[in-house]
Amino acid sequence: MDPPAAKRSRGGPSGPEERDARAGAARGRGRPEALLDLSAKRVAESWAFEQVEERLSRVPEPVQKRIVFWSFPRSEREICMYSSLGYQPLEGEHDARVPFTRGLHLLQSGAVDRVLQVGFHLSGNVREPGGPGEPERLYHISISFDRCKITSVSCGCDNRDLFYCAHVVALSLYRIRHARQVELRLPISETLSQMNRDQLQKFVQYLISAHHTEVLPTAQRLADEILLLGSEINLVHGAPDPTAGAGIEDANCWHLDEEQIQEQVKQLLSNGGYYGASQQLRSMFSKVREMLRMQDSNGARMLILMTEQFLQDPRLALWRQQGAGMTDKCRQLWDELGALWVCVVLSPHCKPEERAGWLQLLCKWDKLEVCPLEEGNYAFDGPSLQPTVAPSSGPEVEAAGSRHTVFSRALQAGELHWNDAHLQRILASDTYGPSLKGNVGGDKLTFDSQGRPLWLGEPFPTACARVDTLRAHGYPRQALRLAGAMVNTLRLQRRHQLESYKQQKKELLQKGSTCITNTEGWVGHPLDPIGCLCRALLEACRLEEETLSLYPDEGSEKRKVAYQHVPVPGSPGESYFAMALEVALLGLGQQRALPEGLYAQDKVVRNEEQLLALLEEVELDERLVQVLRKQAGLLLEGGPFSGFGEVLFRESVPMHTCARYLFTALLPHDPDLAYRLALRAMRLPVLESTFPAGEPHPNPLESIMSNRFPRWFILGHLETRQCELASAMLMAAKGDPKWLHAVLGSVQQNIHSPALLFKLAQDACKTAAPASVPPDTTLLGIALELGLQVMRMTLNTMTWRRREMVRWLVTCATEIGPQALMNIMQNWYSLFTPVEAATIVAVTGTTHATLLRLQLDGPQREELWACTRTLALQCAMKDPQNCALPALTLCEKNQAAFEAAYQIVLDAAAGGLGHAHLFTVARYMEHRGLPLRAYKLATLALAQLSIAFNQDSHPAVNDVLWACSLSHSLGRHELSAIVPLIIRSVHCAPMLSDILRRWTLSAPGLGPLGARRAAKPLGADRAPLCQLLEAAVAAYITTSHSRLTHISPRHYGDFIEFLGKARETFLLAPDGHLQFSQFLENLKQTYKGKKKLMLLVRERFG
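In this text, all values refer to a predicted model and were calculated from it rather than measured experimentally.

**Here's the deal with the overall build of the protein**
When helices and strands are counted, the protein shows 48 helices and 11 strands. Sequence separation of at least 24 residues holds for 73% of the intrachain contacts in the protein that already meet a minimum separation of 6. For the protein, the exposed area adds up to about 52300 Å²; of that, 52% sits on carbon and sulfur atoms.

Here it is as structure tokens:
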């Protein structure tokens, strides 16, 4: 892997005296090229110059010059490859940043001068304009080359990048475009051999003088060694010449800065969380593929360097230690790395020793503990493509101890070869058939019934890897021929599968399910077989001005790819374009088990979307529509081999995304087939086998994958795709009742997520009733039916979205009409909770906006109101605690209904309706002008209430004070009746004294009949307040003893204030002063141990 040497030893002169340097120059235009130039070109491409010198004892100088002349690269494409990125620049990134483009601009601006070629060495200067206010910069560039490849570069700009700098590009392009203007000299050793001793001494001294600061120490050291007779330098024949080209043993490859590649990959991996880093690494993978396509050996070299850095990523050990999986971006990069190694190892033109070296490295990497494993349960020794179908009992399971890394498939590819006679003939000819060579291969079938070649005997993904390898290594025609043979093989296999299914169709339909017949899925497979085959076929059909742009970074907009029908040789009426569509549909429609692992499942989804994105670029013409119709029919009849078949394996991958594409594509041409296919694809077998139609999962608004289906990591995504397919069908079926009801039935049977059903209902409602257009009543009815199903599914599982769902349902019913609205009110038991029905349905259904929307006349409006009142009363009976007040509010305008609601509240109070709710309804009654009813409810609430001595901040304090104020305003009779309730319910001394003080401020107000009573304010020492006074005094005494039991010094001050309030209450009694004094004496005797406290009591109260 070392870069080729830039110099080799040269002896004496290899030719006679100097001849005309212009001998053999190019002839005028239109004249044939000289034989010398033709020969020199071929020699310059493939022979090291040392080999030429060994072959011929004397090489004439003109011949030397022509070989040297033609040894420089002749194509700008390679220069572009080594100086530009392999991907489209990001939006906003200008192509002027690409070194190739900058070098081209420098060349066109005349910045290159003093270009000199000495042997196999090119040098020159490039002047680059400086920035504003900066001087012009001059760079000196040196380039060594051999056999039409640049082997080393050097530039004064000290470029540190993967690619050649713009100055190297400018000098290289100058040499290619203006080769005749470059001064050409033979290798310097040839010139030196023509000098005598004096000339040589003068030459050396002038050279040292010109560069004495750089070369003087080296010159002295070399002079000392030469003068020493036994030195090593005197034992070697000749001397090194950096301009004499490479030796026979030197590797012949383009210059590649290995150190810089390693450094950049390491840096990009350390920034792996950023999108730009992943893009840059992918561009480096693209560069490897570009090199492979150009059959450049640096492709494998660069991949080795990248792989070593990938394996040294410190995150690998950390992820392994923590037992965590790597990130998706990193996993995708490793997948691409593994796939690239398959292409490299399977190379059709590599030398055996090269392949052996690669396999040795792969074996070493494969055994590393940090080497990532391949995810998914894909077989490594899967079934070969066969013309007949053997019965399968289920997915093949790998051996328990097997360990497959991302390099395992590349190691397996190392066992493959290209020397099969039948394979060689497939690759060699477009017209290969039985008429040419017969049925080669012994027992193996090699042609189908039409005489088209087949490729059997190895797994389908492996065969597709051959196609990808041929494309990657620059053999597009051979790849296309093998891809055609693969398509023929798939067709033959499918015919046999259909025949096999017909024989066991009755049995399978009776059984209703099947074991999976495909041991591994082709979509999402690590080798991406369907994608490889499709891209190979589509590549042959692309319509572009230039198949491979010389400037890949040029142009900021991505052009849409256009395709044309390219006929298949030997198959009249067929085109590669139609074949690509057929292969894609065959792979996407394959019935296959979902692989193990989150990433493997995610890759299935991603690969499916990539294939469909490829198909969506295709503009369907009549021929392609016929292919679509035929393939759709075959998918429907495919039985257990098709994901659209009548019987499905329980854990097979759903077909929703593929079906949506087919539905959209077929709908304008064959609506019946489009709907049949999409309705068949609505199934989600893993849920169907667990939940009967219409039943929700355990957690209705979330996917049910967490507990019951731990393997199905992407179940939520699949359910969303199922909903999108249903939505597409509903939108398309607008105005067609037949298909609308068919879609509704399928949705109700197959979709089990209430959240998705609700979204579907909302979409249907929006589509059915657009602004300023008459609504589609059938589609509106379906939206309502879906909404009702959501209500039933989520009735017993409260979620934060229920309120939104209920409001939307009322709105949808309003769009349909009053009868729909009344129907949901009459059947509320199965749809809503009492609270939802009374507070959302009934209220929203009778708002001014709703009534205006319905445009009801008088009788209709009254019928709706009656229905609403009935609903409210039913809800109040079902849940009086939460629905009594809404029911009273809704029944205000109807006396009978209002009385019924009031009675429900009274009955509920006896049944345990809480005091808080009773107080709320009581306040409402007072607000409505019904004080006696409010008083009645307040007494019922007080009967349930209990406020302890230390609950000064009880939530019901304000309600109790309000009830006392209400009874006081009603009169002495009501006040007398409520006092015993207060005494029994309230034991808090400050609260009792507060009530007592309020009642003594003024006389009782209005009586029951509203007549004004001429009465004085009530005295605290007379009935009925004397009982309350006694209760307050007793409460103060009890509370004081209770507080003193566990009092701390920091609470002494609060206690003294408490005694002050107690004295105020005591003094309301005629003998209050005496009672308080006795109370204090009792405290002093009982708690005389608390000397400090008692001292404070004496200071305050004596």
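**Observations regarding the pattern of salt bridges**
Counted by the stated rule, this structure contains 48 salt bridges. Across the pair Arg137 and Glu134 runs a salt bridge, and its minimum N-O distance is 3.3 Å. When salt bridges with common partners are traced through the structure, they connect Asp448, Arg452, Arg491, Glu574 and Glu582 into a single cluster.

**Topic: the state of the cysteines**
According to the stated counting rule, one finds 0 disulfides in the structure shown. Left without a disulfide partner, Cys883 is nearest to the cysteine sulfur of Cys875, which lies 5.2 Å away.

**Brief notes about the sheet that holds strand β2 (residues 112-118)**
Reading across from one edge, β5-β4-β3-β2-β6 is the order of the 5 strands in this open sheet, with mixed pairing throughout. The sheet terminates laterally at β5 (149-155) and β6 (183-185), the two strands that pair on one side only. Neighbour to neighbour, the strand axes of the sheet diverge by 20 degrees on average, direction disregarded. Where β2 meets β6, 3 bridges bridge the pair, whose relative direction is parallel. Its bridge partner lying in β6, Leu116 is registered against Glu183. Packing of helix α3 (residues 61-70) onto the sheet brings it into contact with β2, β4 (137-146) and β6, and relative to β6 it is tilted by some 125 degrees.

**Quick word on the confidence of the model for the protein**
Taken over all residues, the pLDDT of the protein has a mean of 83, while the share at 70 or more is 86%. Confidence drops under pLDDT 50 across residues 389-401; counting only partners more than four residues distant or on other chains, this segment forms 18 contacts.

**Notes on the pairing of strand β3 (residues 121-128)**
Of all 8 residues making up β3, 7 are buried, and the element is well covered by its neighbours. Both β2 and β3 contribute to a ladder of 5 bridges, which runs antiparallel. Residue pairing in the sheet places Val112 in a bridge with Val126 of β3. Following β2, the chain reverses through 2 residues before pairing antiparallel with β3; Gly119 in that reversal takes a positive phi of roughly 60 degrees. Bridge count for β3 against β4 is 8 bridges, and the pairing is antiparallel. Bridge pairing links Arg127 to Leu138 in β4.

**Here's the deal with unusual backbone geometry**
Within the chain, Arg114 stands out as a residue other than glycine whose phi angle is a positive 55 degrees. Within the secondary structure, Arg114 is located in strand β2.

**Concerning the packing of helix α40 (residues 915-927) against helix α41 (residues 931-944)**
The N-to-C vectors of α40 and α41 enclose an angle of 165 degrees; their axes lie 8 Å apart at closest approach. Classified by the angle between their axes, α40 and α41 sit roughly antiparallel to one another. Once α40 is placed against α41, the crossing between them reads as left-handed. Between α40 and α41, the residues in contact are His915, Leu918, Phe919, Val921, Ala922, Met925 and Glu926 and Arg933, Ala934, Leu937, Ala938, Leu940, Ala941, Leu942 and Gln944, respectively.

**Some thoughts on the nonpolar core**
Ranked by size, the top nonpolar core spans 304 residues in total, and within it Trp341 and Ile982 carry the most contacts. By residue number, the principal contributor to this core is helix α23 (residues 576-588), which donates 11 residues. When residues no more than four places from it in sequence are discounted, the contact partners of Trp341 are Leu303, Ile304, Thr307, Trp358, Leu362, Trp365, Phe407 and Ala410. One finds Leu594, Leu687, Ile714 and Leu718 within the second-largest nonpolar core, a separate group that totals 12 residues.

**Examining the packing of aromatic side chains**
By the definition in use, this model includes 21 aromatic pairs. Note on Trp365 and Phe407: the rings are 5.7 Å apart at their centroids and 45 degrees apart in plane angle, and the pair reads as tilted. Of this pair, Trp365 sits in helix α16 (residues 352-366) while Phe407 sits in the loop between α16 and α17 (408-413), and the two are 42 residues apart along the sequence. Take Trp365 and Phe407: they sit in the same class, and that class is buried. With centroids separated by 5.4 Å and ring planes inclined at 35 degrees, the aromatic side chains of Tyr563 and Phe577 adopt a geometry described as tilted. Remark: Phe577 occurs in helix α23 and Tyr563 occurs in strand β9 (residues 562-563); sequence separation between them is 14 residues. An aromatic cluster of at least three residues, connected via ring pairs, comprises Phe285, Phe310, Trp334, Trp341, Trp365 and Phe407. Cation over ring: Arg466 sits above Trp418, and NZ or CZ is 4.9 Å from the ring centre. The aromatic ring of Phe1058 is capped on one face by Arg1043, whose charged end is 4.8 Å from the ring centroid.

**A short note on the pairing of β4**
Of all 10 residues in β4, 7 are buried, a share of seventy percent or more. Between β4 and β5, which pair antiparallel one after the other, the connecting turn spans 2 residues, and Arg147 there sits at a positive phi close to 50 degrees.

**Section: the packing of helix α34 (residues 818-826) against helix α37 (residues 858-878)**
Direction vectors running N to C along α34 and α37 enclose 15 degrees, while the axes themselves pass 9 Å from each other. Accordingly, the angle class assigned to the pair α34 and α37 is roughly parallel. As for the relative orientation of α34 and α37, their crossing is left-handed in sense. Between α34 and α37, the contacting residues are Leu821, Met822, Met825 and Gln826 on the first element and Glu863, Leu864, Cys867, Thr868 and Leu871 on the second. Of the residues assigned to the contact of α34 with α37, the class counts are 6 nonpolar, 2 polar and 1 charged.

**Re α16**
Taking 1.5 Å per residue, 15 residues should reach 21 Å; α16 reaches 21 Å between its end C-alpha atoms and fits that length. Residues of α16 that are buried include every one of Arg355, Trp358, Leu359, Leu361, Leu362, Trp365 and Asp366, and no others. Summarising the axial view, the buried residues of α16 lie within an arc of 160 degrees, below the 170-degree limit, and thus occupy one face. Exposed side chains of α16 directed beyond 90 degrees from the buried face belong to Pro352, Glu353 and Gln360. Where α16 is buried, its residues touch α13 (298-311), α15 (328-345) and α17.

Rules and cut-offs
- Residues numbered from 1 in each chain as written.
- Predicted model: local features only at pLDDT ≥ 70, side-chain atom pairs only at ≥ 80, totals over all residues.
- Heavy atoms only, no water.
- Helix = DSSP H or I, 4+ residues; strand = E, 2+ residues; numbered from the N terminus.
- Contact = heavy atoms within 4.5 Å.
- Areas by Shrake-Rupley, 256 points an atom, 1.4 Å probe, with all protein chains shown as cover.
- Salt bridge = Lys/Arg side-chain N within 4 Å of Asp/Glu carboxyl O.
- Disulfide = S-S within 2.5 Å.
- Pairing = 2+ DSSP bridges.
- Axes fitted to C-alpha atoms, helices over the stretch in contact; angles between N-to-C directions.
- pLDDT = per-residue confidence, 0-100.
- Buried < 20%, exposed > 50% of the residue type's maximum accessible area, 1.4 Å probe, protein only.
- Parallel < 35°, antiparallel > 145°, perpendicular 65-115°, else oblique.
- Left-handed = near helix turned anticlockwise from the far one by under 90°.
- Core = buried A, V, L, I, M, F, W, Y, C linked by side-chain atoms within 4.5 Å.
- Phe/Tyr/Trp six-rings, centres within 6.5 Å; stacked < 30°, edge-to-face > 60°.
- Lys NZ or Arg CZ within 6 Å of the ring centre and 35° of its normal.
- Nonpolar A, V, L, I, M, F, W, Y, C, P; charged D, E, K, R; others polar.
- Expected span 1.5 Å × (residues − 1).
- Arc of directions from axis to C-beta.

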